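Structural characterization, general
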Amino acid sequence: MATAESLRHVLTQFEVAAERLGLDAGLRRRLLACERALIVSVPTVRDDGQLQVFTGYRVQHNNTLGPAKGGVRYHPDVTLDSMTALAMLMTWKCALMGLPYGGAKGGIACDPRTMSRRELERMTRRYTTEIFLIIGPDMDIPAPDMGTDEQIMAWMMDTYSMQRGVTVPGVVTGKPLLLGGSLGRREATGRGVYYVAVEAAKVLGVTLEGARVAIQGFGNVGRTVAQQLKQEGCRIVAVTGSRGGRFQADGLDLDRLLDYVAGGARLEECPIGDRITNAELFGLPCEILVPAAIGGQVNEANADRIRARILVEGANAPTTLEADAILRERGVLVIPDILANAGGVTVSYFEWVQDLQFYFWSEREINLRLREIMSQAFQRVQAAAEQHAVDLRTAALILSVQRVAQGHRLRGLYP
Ligand code: NAD
C-alpha cells in the first residue's frame, strides 16, 4: 500500500470510531496528532569505503497509557507518513489488548537485502545513537519489523547499553533468548492469528476439522499459522509467497513443503500439489483466508472474488478501505489486524516484563497467557460489534480509541 494511502486508511478508520464515540473536536485533534516524530540522518560507511547517508525515523504517536511500543522497519518505502500511520495503528493495537503502552514506529529508508551484515551493523548502531534520547525501557521500546531481526535488536540493545554504561535488556524486544529474549516470541504473531481464527470459527459454527485454509505469505507469520491450524485438523489448501505458491485441494503436506523451503527451494517451485498465483489464491473456495504478507493485498481487484467465510488479517493493513466495504456487504467475517496480529506485541510485552524482573517464564506459561489475552480480546470486540451493530474492525477501533480517550480525560492536559 502506498505511503499516503496507508495514512488515509488509518485516519479514515479513526474518524469512523471517533464519530461513533461522539468524541469532541479537541480530543480528536489530540488523538490524531503525533506526540513526537524524530527524523535523523544515518551516515554509514559502505564496505567499499563510500559514505552513504540514510534517512531514519522514530515516531511516537501517543504515550498516554504507557511507554511507546513499536517496530523498526528497514525498507525503501519507509517515510514519515508510513511511520506515522503504523505508529497510530500501534497505539490502537496496544490499547485494544489492554497493554500498558502507547504506539510508536520507526525505521530507515534503505534496502537491507543489498547490504552486508557489517554495513547493517554500522547503520543500526548509528541509528540507535541518533534516536537514543527518545528510546528506553520506560520511554519507547523498539522491536523487529520488516527487514529487521533478532540480530539487529541485539545491536540496538548493545549500543543503547554502551551509552548508558549498564546492560539494559528491556530497551528492545524481539532479542535473542540469550540476551533477555522471550520463549515463544518468534511464533507469537502466528499463534495469535490462530487463536482468534479458532474464536471466529466458533462464532460462525465452522468446524475446524477438515476446514480449508488459504494463506498468503509463508514467512514467520504465515508458516506458524499454517502449522497451528493444521494441528487443529484444518486442510491447508494453499500457501503463496511473493511469486506465487502451491495448491492442493485435500491439503498440502506442510512438513515436506517446509523441508523443501529450508533446503533453499523457491516455494512456488516445490514439487508438492500444483502451482498457484497470488491472484488465484484469493479466489479459492475456503473457510479461512489469511493474508500474512504485505499491506493492500485484498483490494478492489479481488474482494468480490473472495469465497472465504473468515478473513484473518495476519499482515498489517492487508485490506483496502474499498475492499473492506465489499467484504462487509458480502458477509465475510474480517478479523482486523489490530486484533488478529496482536500476538506479537503481546509477547513483546511479556518479554519486557521478564526483562524488567530479570525472571523468565516457561514457553507453556507464555502460550497460555497469550491464548487467554487473545481470546478475551476477541470476545470483547465481538461483544462491542453486537452492541454497536458494526463490523469487527469498527468495534475494535471503538474499544481502543475509547480507552486512549479515557486515558487523556483522566490525565487531563498539562500544564
Ligand atoms: P516475513 O518477511 O517473514 O514473510 C513475509 C512473507 O510475505 C514471505 O513469504 C514473502 O514471500 C511474502 N510476500 C512478500 N511480498 C509479497 C507480495 N507482494 N505478494 C505475496 N507475498 C509476498 O514477514 P512476517 O514477519 O511473516 O510478517 C508478515 C506480515 O505480518 C507483515 O505485514 C507484518 O507487518 C505483519 N506482522 C508481523 C508480525 C511479526 O511478529 N512477525 C507482527 C505483526 C504484524
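The paragraphs below set out a description of the structure included in this document. These numbers come from a predicted model, not from an experiment.

Reading guide: rules and limits
Residues numbered from 1 in each chain as written. Predicted model: local features only at pLDDT ≥ 70, side-chain atom pairs only at ≥ 80, totals over all residues. Heavy atoms only, no water. Helix = DSSP H or I, 4+ residues; strand = E, 2+ residues; numbered from the N terminus. Buried < 20%, exposed > 50% of the residue type's maximum accessible area, 1.4 Å probe, protein only. Axes fitted to C-alpha atoms, helices over the stretch in contact; angles between N-to-C directions. Parallel < 35°, antiparallel > 145°, perpendicular 65-115°, else oblique. Left-handed = near helix turned anticlockwise from the far one by under 90°. Contact = heavy atoms within 4.5 Å. Nonpolar A, V, L, I, M, F, W, Y, C, P; charged D, E, K, R; others polar. Pairing = 2+ DSSP bridges. 1 Å grid on protein atoms, 1.4 Å probe; cavity = no way out; pocket = protein on both sides within 12 Å on 5 of 7 lines; lining within 4 Å. Points joined across faces, edges and corners; volume = space filled by probe spheres on them.

Let us now look at the environment of Gly331. Examined against the element boundaries, Gly331 turns out to sit in the loop between α10 (321-329) and β12 (333-335). The exposed category is assigned to Gly331, whose relative accessible area is 56%. Considering only alpha carbons, one finds Gly331 and Ala308, 23 residues apart in sequence, at a separation of 9.7 Å.

A separate point is the packing of helix α12 (residues 343-357) against helix α13 (residues 363-388). It is at 10 Å that the axes of α12 and α13 come closest, and there the two elements cross at 130°. Classed by the angle they form, the pair α12 and α13 counts as oblique. The element α12 and its partner α13 pack so that their crossing is right-handed. Judged by residue contacts, Gly343, Thr346, Val347, Phe350 and Gln354 of α12 engage Ile366, Arg369, Leu370, Ile373 and Met374 from α13. Residues belonging to the contact of α12 with α13 are distributed by class as follows: six nonpolar, three polar and one charged.

What follows concerns the pairing of strand β2 (residues 51-62). Both strand β1 (residues 36-45) and β2 contribute to a ladder of 10 bridges, which runs antiparallel. Across the sheet, residue Ser41 finds its bridge partner in β2, namely Thr55. Connecting the antiparallel pair β1 and β2 is a turn made up of five residues, with Gly49 showing a positive phi of about 90°. Sheet analysis places β2 next to strand β4 (residues 102-108), joined by six bridges and oriented antiparallel. Directly across from Arg58, in β4, lies its bridge partner Gly106.

Considered as a void within the structure, the second largest pocket measures approximately 270 Å³ in volume. Lining the second largest pocket are 15 residues, and of these Arg30, Glu35, Thr64, His408 and Arg411 lie nearest its centre. For the lining of the second largest pocket, the elements supplying multiple residues, two or more each, are β2 and α14 (392-411). Looking at the lining of the second largest pocket, its residues break down into five nonpolar, seven polar and three charged.

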